[in-house]
Amino acid sequence: MNFLIGAFKPACNISITFSDGKTRKQVPVKKENGQTVMVPLFQSQENISGKISIEPFQGKKIEHNGVKVELLGQIVRELDVPGDIYERKTYPFEFSTVEMPYETYNGVNVRLRYVLKVTVSRSYGGSIVEYQDFMVRNYSPLPSINNSIKMEVGIEDCLHIEFEYNKSKYHLKDVIIGKIYFLLVRIKIKNMDLEIRRRESTGSGANTHVETETLAKFELMDGAPVRGESIPIRLFLSPYELTPTHRNINNKFSVKYYLNLVLVDEEDRRYFKQQEITIYRLQDS
């Protein structure tokens, strides 16, 4: 974003390039205006380096009180002392082994962004500022403990079912495998679905706001089950836009995922049981 000077003419052009920009993986990210742009992908502990070029327009000079680059929320680097810029000037920059423990996240009510900000400070006409987004993804190893989920639910003397999922922690390209076993059926069930729900919580205490989205709905059964019947579950996660689970990020927000089992009877009454699962990002092999 360049501020205007004089007769509504931009003062200069600022460009930000990364050292390995031509070879580093680019991923799409949706901006606040809904536009999708490609940005470079980093992970925690990587070096973030490159060059910043400032070029005055139309042969004009820029009088400034200093030039700096910031990795927003983390580090500031002074690039230049006060002076004048008459022609294109390029500044190298590097932030070494940057700790970026949280992934980029674009939710309903919260966004976690990583941004480079370049500021040319001036005494008049307002500072000139340019932003460059980049994305962070962090990877987790396979969990050493990953217990299955087994539960029995029902309505006394009417319905009793047992369900089982093969594990409680899934990576983004995993498959949910399980089964539903009907122990007692005295009501007429017409269909059964399995939903993946994302619950985004922002704020804290009395000011907590919760937004729940249903990301996937998978029909397990169409028709009335009988006692002793077993329904298999096989749900692939890769087609859905999931993120890793985020737990209490900087005391600002959390993102949790749930498997929601929904049964509907012939009178359209709904019975459901919800179970939290953990989602993580596994390094691509």
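In case you missed it, the structure is sitting above this.
Residues numbered from 1 in each chain as written. Predicted model: local features only at pLDDT ≥ 70, side-chain atom pairs only at ≥ 80, totals over all residues. Heavy atoms only, no water.

**Q** How do you make sense of the pairing of strand β22 (residues 230-236) when you look at a structure like this?
**A** Two faces make up the sheet, and in a regular strand the side chains alternate between them. Of the two faces of β22, only the one carrying Ile-231, Ile-233 and Leu-235 is buried; Ser-230, Pro-232, Arg-234 and Phe-236 on the other face are not. Inspection of the sheet shows strand β19 (residues 175-185) paired to β22 by 7 bridges, in the antiparallel sense. Of the residues in β22, the one forming a bridge with Gly-178 is Ile-233. (Buried < 20%, exposed > 50% of the residue type's maximum accessible area, 1.4 Å probe, protein only. Helix = DSSP H or I, 4+ residues; strand = E, 2+ residues; numbered from the N terminus. Pairing = 2+ DSSP bridges.)

**Q** Help me understand the sheet that holds strand β15 (residues 128-136), please; the structure alone is not making it clear to me.
**A** In a beta sheet, neighbouring strands pair by backbone hydrogen bonds and run either parallel or antiparallel. A sheet is described by the order of its strands in space; here 6 strands give the open sequence β4-β5-β15-β14-β8-β9, paired in mixed fashion. Both outer strands of the open sheet, β4 (26-30) and β9 (75-80), are each paired with one neighbouring strand and no more. Going across the sheet, the axis of each strand differs from the next one's by a mean of 35°, ignoring polarity. (Axes fitted to C-alpha atoms, helices over the stretch in contact; angles between N-to-C directions.)

**Q** How should I be thinking about the packing of aromatic side chains in this particular structure?
**A** In this structure the tally under the stated criterion is 7 aromatic pairs. Between the aromatic rings of Phe-18 and Phe-42, the centroid separation amounts to 5.5 Å while the plane-to-plane angle is 55°, which identifies the pairing as tilted. In this pair, Phe-18 is assigned in strand β3 (residues 12-18) and Phe-42 in strand β5 (residues 36-42), connecting sequence segments 24 residues apart. Where Phe-93 meets Phe-95, the ring centres are 6.0 Å apart and the plane angle is 55°; that geometry is what we call tilted. (Phe/Tyr/Trp six-rings, centres within 6.5 Å; stacked < 30°, edge-to-face > 60°.)

**Q** What is the right way to look at the sheet that holds strand β6 (residues 48-56) in this model?
**A** Across the sheet, 3 strands lie side by side as β3-β6-β11; this open sheet has antiparallel pairing. At either end of the open sheet lies a strand with only one pairing partner, and these are β3 and β11 (89-95). The average angle at which neighbouring strand axes cross in this sheet is 20°, direction not considered. Two strands pair when backbone bridges link them, and β6 and β11 are joined in this way by 7 bridges, in the antiparallel orientation. Paired with Lys-51 across the bridge in β11 is Pro-92.

**Q** How should I be thinking about the layout of surface pockets in this particular structure?
**A** Take a probe with the size of a water molecule and roll it over the atoms, and the empty space left behind shows itself. Of the volumes computed, that of the largest pocket is approximately 1000 Å³. Lining the largest pocket are 33 residues, and of these Arg-137, Glu-241, Leu-242, Thr-243 and Arg-281 lie nearest its centre. At the level of elements, β4, β12 (105-106) and β15 are the ones that each hand at least two residues to the lining of the largest pocket. At 3 residues, the largest contribution of residues to the lining of the largest pocket is made by β4. (1 Å grid on protein atoms, 1.4 Å probe; cavity = no way out; pocket = protein on both sides within 12 Å on 5 of 7 lines; lining within 4 Å. Points joined across faces, edges and corners; volume = space filled by probe spheres on them.)

**Q** Can you help me understand the nonpolar core in this one?
**A** Inside soluble globular proteins, nonpolar side chains tend to come together where they are buried. Among the nonpolar cores identified, the biggest contains 64 residues, and Ile-48, Ile-54, Leu-116, Phe-134, Tyr-165, Ile-180 and Leu-261 are the most heavily contacted of them. With residues up to four places along the chain from it excluded, the contact list for Ile-180 reads Ile-161, Glu-162, Phe-163, Met-192, Leu-220, Glu-229, Ser-230, Ile-231, Ile-233 and Leu-261. Counting 5 residues, the second largest nonpolar core, distinct from the first, contains Val-29, Val-39, Leu-41 and Met-135. (Core = buried A, V, L, I, M, F, W, Y, C linked by side-chain atoms within 4.5 Å. Contact = heavy atoms within 4.5 Å.)

**Q** For this particular structure, what's the right way to read the pairing of strand β14 (residues 114-120)?
**A** Most of β14 sits out of view: 6 of its 7 residues are buried. Looking at chain direction, strand β8 (residues 67-71) and β14 are connected through 5 bridges and run antiparallel. The residue of β14 that forms the bridge with Lys-68 is Thr-119. Note: β14 against β15, 7 bridges, orientation antiparallel. Within the sheet, the bridge partner assigned to Val-118 lies in β15 and is Glu-130.

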